Amino acid sequence: MPTADAPLFSVSELNRRARQALEQDVGDVWVEGELSGVSRPSSGHVYFTLKDERAQLRCALFRNRARFVAAPMRDGDHVKVRGRVSLFEPRGDYQLIAEAVQAVGEGELLAAFERLKAKLDAEGVFANARPLPYPPRHLLVLTSPTGAAIRDVLAVLAARWPLVQVTLIPVPVQGREAAPAMIAALGLLNRQSALDPARDAILVTRGGGSLEDLWAFNDEHLARAIFHSRLPVMSAVGHEVDVTLTDFAADRRAPTPSAAAEQLVPDRGELLARLRVLEARLGRAERARLDTEAQRLDHLRARLRHPGEVLGYRRRQLEQLEGRLARAMRTRLEAARQREHQLRQRLALRSPATLVAQAERRLTLAHQRLHQAMPRELSRHRERLTALARELQAVSPLAVLGRGYAILENEAGRVIRRAADTAPGERLEARLGEGRLALEVLPGEDAAD
């Protein structure tokens, strides 16, 4: 029961008084923070959340003021917002009614994203470009089991290509547990793929959200796990304007989950239409071929003649061929005979007996010439030898010795040319024209000289 000092209010009355108090006591303020969850409904108003590292504030920028804001207002932008603090009475939401928005700089999350992107790009983590199987036999989808992404993917696959087998790998797609869970799932799927080769593609996906909602897909360890995956990976995270590190690390990126399903499988309707076109072309080609063959058959029937006529024609051909064959055989036989005669003549000229006789005649002639030439050659060489002997005798030292001279040699065999080269008592040998004499040097005046 309400007491005397505690008045009783209805909910709407309390919210109204709270709004009035906030608007009167706080008034217009400038608030600095990071944009998150920017939403632009068809009404033209802009709704967003302004936050820092410890708190967040809901904000509303109405259409009549939004058209004067030059800032692009993207998630992660660091901005200053001028407005008045108020309270939305129907829900009791505390909010800031924005009047102006000014860009301050790049938000911390976007700055961190760009740093990680540059780091991983330098490491080559974004170099994957393997082709995905088209269509895959067994597609593994890593996403939330309750999100809209899996419903969109399954709906598109069922409509386009119901033959593909799909296995949902339930993982959180938001929060601190999301990235480790997806990394663990990727490792498990790659290990199991060795046992089941039909598992041939992985789709990592989730629906749209703010930069904070998608931040798990900017985890550098998750990007590396996708890069090292043995199975090819497609990434489809958020809407078309959303870009995450998994999009760069994957083998292929799709702008939305539905677009990923469309890229992964062909449209059976289009294939059926193409098959119908091919079937019609095949039918036309078959009919044209049948018409051609029918015309050819008519032509062959027109050329068909009576068997007797054909046999007579063939008999005449056979007789002609027999005559040609007989003439050709006679010509060949005559040529063979002439060839045999020529070969016999050549063989007679080159037979061993003929060659031996020719060799014997050449040998006899050579023997005769040798006997005739030998006396002449011996006489010529004898005369030459006699002349050389006379010349040698003329210059021989023995001829000089024959005229009364002698050659003295010491015991070492050295020729003595001067008396000074001897010593008293030294034994010498004198070589005469005929014979040798042993001598001994006697002391004397002449020897001493």
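Structural data are supplied above this passage.
Note that the structure is predicted; figures quoted are calculated from it, not measured.

S.K.: Could you clarify how one ought to interpret a nonpolar patch on the surface in this entry?
M.R.: A cluster of nonpolar residues, L272, L275 and L278, forms a patch on the protein surface that exposes about 260 Å² of accessible area. When you line up the elements, L275 lands in helix α9 (residues 268-303).

S.K.: In this structure, what is going on with α9? I would like to understand it.
M.R.: Each turn of an α-helix holds 3.6 residues, which means side chains three or four residues apart point in the same direction. Taking 1.5 Å per residue, 36 residues should reach 52 Å; α9 reaches 51 Å between its end C-alpha atoms and fits that length. The residue sitting at the N-terminus of α9 and contributing the capping side-chain oxygen is D267; that oxygen lies 3.0 Å from the backbone nitrogen of G269.

S.K.: So what exactly am I meant to see when it comes to the sheet that holds strand β12 (residues 427-431) here?
M.R.: Think of a sheet as strands paired side by side through backbone hydrogen bonds, with each pair either parallel or antiparallel. As summarised here, the arrangement of the three strands in space is β11-β12-β13, forming an open sheet in which the pairing is antiparallel. Either end of the sheet is taken by a strand with one partner, and the two such strands are β11 (407-410) and β13 (436-440). Neighbouring strand axes in the sheet, compared pairwise and without regard to direction, differ in orientation by 30 degrees on average. Note that β11 and β12 share four bridges and pair antiparallel. Its bridge partner lying in β12, I407 is registered against R431.

S.K.: Please explain the sheet that holds strand β7 (residues 165-170) as it appears in this structure.
M.R.: Read across the sheet, five strands follow the order β7-β6-β8-β9-β10 without closing on themselves; strand pairing throughout is parallel. Since the sheet does not close on itself, it has two edges, and those belong to β7 and β10 (252-253), each with one partner. With respect to the sheet, helix α4 (residues 148-160) is in contact with β6 (138-143), β7 and β8 (199-206), its orientation differing from that of β6 by roughly 160 degrees.

The rules we used
Residues numbered from 1 in each chain as written. Predicted model: local features only at pLDDT ≥ 70, side-chain atom pairs only at ≥ 80, totals over all residues. Heavy atoms only, no water. Patch = residues over 30% accessible without salt bridge, like charges linked within 9 Å, V, L, I, M, F, W, Y side chains within 5 Å. Areas by Shrake-Rupley, 256 points an atom, 1.4 Å probe, with all protein chains shown as cover. Salt bridge = Lys/Arg side-chain N within 4 Å of Asp/Glu carboxyl O. Helix = DSSP H or I, 4+ residues; strand = E, 2+ residues; numbered from the N terminus. Expected span 1.5 Å × (residues − 1). Polar contact = N/O pair within 3.5 Å; in protein donor to acceptor, adjacent residues only side chain to side chain. Pairing = 2+ DSSP bridges. Axes fitted to C-alpha atoms, helices over the stretch in contact; angles between N-to-C directions. Contact = heavy atoms within 4.5 Å.

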